[in-house]
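Fold and contact review
Chain by chain, the residues run as shown.
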Amino acid sequence: MEIFLAVLVLLALIGVSNVVSRYVPFIPVPLIQIALGVVVAVVPSGIHLPLEPELFFVLFIAPLLYNDGKHTPRDELWKLRAPILLLAVGLVFITVFAVGYAIHWMIPSIPLAAAFGLAAILSPTDAVAVGALAGRIHMPKSLMRLLEGEALMNDASGLVAFKFAIAAAVTGVFSLPGATVSFFIISIGGLVIGAVIAFLISWLRVVLRRAGMEDVTMHMLLQILTPFLLYMIAEELGMSGILAAVAGGIVHAIERDRAESSMMKLKVVSTSTWSVILFILNGLVFVILGLQIPGVSGIILSDPAFNNYEVIGYAAVIFAMLMVLRFAWTFAFTRGSRLLGIRGEREMPGFKMLVMTSFSGVRGAVTLAGAFSIPLVLEDGSPFPQRDLIIFLAATVILLSLIAASVLLPLLSKKKESTDEAEREKSERDIQIQVMTAAIQAVHQERNEENEAAVSSVIADYKTWIQQIRLKGAMNKNTPRSREKETELRLMALSEERECARNLLEEGQISREHAHQFFKTLDQVELILANKFHLWKMMLKLFFGRLQASFTRKEVALVKLPATDIETLRQIKIRTCEAAIDEVKKVRCADNEQEAVGVISYYNSVLNRLAQFPRAVRSRDRRFDERKKELHWVAVQAERNEVQALYEKGAISRETAGKLRGMIREREAAMFELDEIG
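Report on the accompanying structure. Small disclaimer: the values here were computed from a predicted structure and weren't measured.

Moving on to the overall build of the chain. Looking only at helices and strands, the chain features 26 helices and zero strands. For the chain, contacts bridging at least 24 residues in sequence account for 81% of all contacts bridging at least 6. Roughly 33700 Å² of accessible area belongs to the chain as shown, and the carbon and sulfur atoms make up 62% of that amount.

What follows deals with unusual backbone geometry. Positive phi is not limited to glycine here, since Gln386 has a value of about 55 degrees. Structurally, Gln386 is set in the loop between helix 15 (365-372) and helix 16 (387-413).

The subject of this paragraph is the nonpolar core. Counting residues in hydrophobic clusters, the biggest one holds 106 residues, and the most contacted among them are Ile110, Leu118, Ile318 and Leu393. Looking at which element gives the most residues to this core, the answer is helix 12 (residues 264-301), with 13 residues. Counting 29 residues, the second-largest nonpolar core is a separate cluster that includes Leu489, Cys577, Ile600 and Leu607.

For the rest of this paragraph, the subject is the environment of Asp582. With respect to the element layout, Asp582 can be found in helix 22 (residues 563-587). We classify Asp582 as partly exposed; its relative accessible area is 45%. Taking C-alpha positions, Asp582 is 9.4 Å from Glu496, a pair spaced 86 residues apart along the chain.

Once that is clear, we can look at the pattern of salt bridges. Tallying each qualifying case throughout the model produces three salt bridges. Across the salt bridge formed by Glu497 and Lys573, the nearest N and O atoms sit 2.8 Å from each other. Here Glu497 is found in helix 19 (residues 480-506), whereas its partner Lys573 is found in helix 22, with 76 residues between them in sequence. You can call Glu497 buried: its relative accessible area is 0%. Ionic pairing is found between Glu583 and Lys586, a salt bridge with its closest N-O pair at 3.9 Å. Within this pair, Glu583 and its partner Lys586 are both found in helix 22, separated by three residues, close to a single helical turn.

To find leftover empty space, one rolls a probe the size of a water molecule over the atoms. For the structure on display, the rule yields five cavities of 30 Å³ or more. Considered as a void within the structure, the largest cavity measures approximately 60 Å³ in volume. Around the largest cavity sit Tyr66, Ala198, Ile201, Ser202, Arg205, Gln223, Thr226 and His252, which together line it. Broken down by secondary-structure element, the contributors of at least two residues to the lining of the largest cavity are helix 9 (176-210) and helix 10 (216-236). Here the lining of the largest cavity takes four residues from helix 9, the largest share from any one element. Among the residues forming the lining of the largest cavity, the class breakdown is three nonpolar, four polar and one charged.

To continue, consider the environment of Leu65. Topologically, Leu65 is positioned in helix 3 (residues 53-71). Separated by 183 residues in the primary sequence, Leu65 and Gly248 have C-alpha atoms spaced 9.5 Å apart.

What follows covers the packing of aromatic side chains. Summed over all chains, the structure comprises eight aromatic pairs. Between Phe56 and Phe60, the ring centres sit 5.1 Å apart and the planes meet at 35 degrees, which makes this aromatic pair tilted. A residue pair is termed a helical-turn pair when its members lie 3 or 4 positions apart in one helix, as Phe56 and Phe60 do in helix 3 at four residues. On the accessibility criterion, Phe56 (3% relative accessible area) is buried. Look at Tyr66 and Trp274: their rings are 6.0 Å apart centre to centre, the planes differ by 35 degrees, and that puts the pair in the tilted class. Here Tyr66, found in helix 3, pairs with Trp274, found in helix 12; they are 208 residues apart in sequence, far enough to count as distant. Trp274 shares its class with Tyr66; the two are buried. Members of the aromatic cluster, joined through ring pairs, are Phe56, Phe57 and Phe60.

Turning next to a nonpolar patch on the surface. Residues Ile3, Phe4, Leu5, Val7, Leu8 and Leu11 make up a contiguous nonpolar surface patch of roughly 540 Å² in combined accessible area. Structurally, Leu5 is set in helix 1 (residues 2-23). Residue class for Leu5 comes out partly exposed when judged on its relative accessible area of 45%.

It is worth spelling out helix 5 (residues 81-106) at this point. The end-to-end C-alpha distance of helix 5 is 35 Å, a good match for the 38 Å that 26 residues give at a rise of 1.5 Å each. Taken as a whole, helix 5 carries its principal kink of about 30 degrees at Leu91.

What follows covers the environment of Gly298. With respect to the element layout, Gly298 can be found in helix 12. Between the C-alpha atom of Gly298 and that of Phe392, which follows or precedes it by 94 residues, the distance is 9.1 Å.

About the thresholds
- Residues numbered from 1 in each chain as written.
- Predicted model: local features only at pLDDT ≥ 70, side-chain atom pairs only at ≥ 80, totals over all residues.
- Heavy atoms only, no water.
- Helix = DSSP H or I, 4+ residues; strand = E, 2+ residues; numbered from the N terminus.
- Contact = heavy atoms within 4.5 Å.
- Areas by Shrake-Rupley, 256 points an atom, 1.4 Å probe, with all protein chains shown as cover.
- Core = buried A, V, L, I, M, F, W, Y, C linked by side-chain atoms within 4.5 Å.
- Buried < 20%, exposed > 50% of the residue type's maximum accessible area, 1.4 Å probe, protein only.
- Salt bridge = Lys/Arg side-chain N within 4 Å of Asp/Glu carboxyl O.
- 1 Å grid on protein atoms, 1.4 Å probe; cavity = no way out; pocket = protein on both sides within 12 Å on 5 of 7 lines; lining within 4 Å.
- Points joined across faces, edges and corners; volume = space filled by probe spheres on them.
- Nonpolar A, V, L, I, M, F, W, Y, C, P; charged D, E, K, R; others polar.
- Phe/Tyr/Trp six-rings, centres within 6.5 Å; stacked < 30°, edge-to-face > 60°.
- Patch = residues over 30% accessible without salt bridge, like charges linked within 9 Å, V, L, I, M, F, W, Y side chains within 5 Å.
- Expected span 1.5 Å × (residues − 1).
- Bend = angle between axes of the 7 residues up to and from the residue.

Structure below.
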């Protein structure tokens, strides 16, 4: 029961981390998740989840690397094969020897073999951490492919080197020729075993389909089990389970490409299922990492035998050595071969690119899991020397690498803002179109036989808006001040509509039921358009209005009006639109000319639609209206999600995101109002 509760808490923390990242997108989600894990471990929550390295590798690392192998472009991996091998194998072994000797010289209490083991487990970059940072940092595509390929391969080389170093520390026996031969056997064997087993599983799925077994659930179960089978079988045979998982992912991608048209339903279910699995696994990796840090650091920092500043300084020096060595290695080989694999370019990668390559090599949970796998005792039964210090140093280097990458990479990868006003406006229009295109794609995904007409109608609306944005060209109407003026005029016009309807009610020209229905529509539109201050004002107004109605019973319940009453609402809307236009014309001046014209044009378009209403109302399908409203909601949510995603990636600034959200609110208000009047 305790494990079950711990898992529930960890899953909840993953959700909390994504909510927090919405408000502080400049902090990577992995760091937020680590911090939440630390908080849970520090507070007396009763949650204690020890890190079991073998279980961690098979449960988390195997499926994550399998998925990375499945989605990493194979042609680009092959194109970058030389630099990937230089980083994933060459740099790993250079790091083991250079940093290992440095650690032993700096901390003599750590034996040379154990120092080599620490350097080995610190040498591989973490594919999960690299992927988590990539979502929010604009790095060159070639660099990202290089880092992804490196992270796929260097786990195996680092762990194999770590295994031999720790074995030498435990037994006191080490043979360099034997270790070299074993490394190649373990690595190549892992790749071969992973590829063969993946082909066998693919063949089994084909046989099942030919036998008429097209059950999506069964095929999905085979997909989920595949990475675990690949890893465990390879490890049982003494080969690299990590490389087996990577090879299996690549084979799965080849099989998927060949059978692209078969079992489309399985493809849809597979994409959705894996997205959930990966979301959970990625989050758990960093939350569990955070859970371990207080215990790891507490042992060392509370031990009087260690000077706290000194051991933290050791970790900082080790991290600096890793960065300098990585920079020197990439610098040396880019002068002899094009490290980034971009043929045809005359210029070699510059200093900035090399620095980005160096700090992009973040360490992660693989490093900490490897450190925890260090045995407690040596072969003679004595305690493993400085095991706790080694684990502490590994954990601190992980944190330093994540923090350094999170701070420096966004600064290095930040694009220089254009000073050309026309170019800036064009970029903003392109982003608007990208956001609206995301809405169209979301609506497309909702298409079925029942809502075909509604989908086409909503998509047509969005295509019209996109065309209007393109036709505006260089018209400078999207400044924050301009949008603020237009919103103020819209709210003023809504107030005039409400006053006009209230006069019609007092004169007895409309009933209380019709007035109530109309006021509800205006309230909803006003809430959508309102800024933060006005939003609270509107909410208080609605609350006290309903409270007063409950005592006075002057208001009636909102009900669905019959079709015969829709004509009355149409007439009310025509009268109020005309009143709103007159009011806007009264305040129209040189200072708000463009904004006033925009608001008047909007009301004229509403009047034009109302003029065509009598022909449409006779054949009106209420289900069509309901479906269109639902699709409009889907589209608006897709727009907001796209804006948030662009903001989190650093593609747009906070100011641009706010401007886009204001445009979405106005579009939502227009859609709501037009849906209500038919």
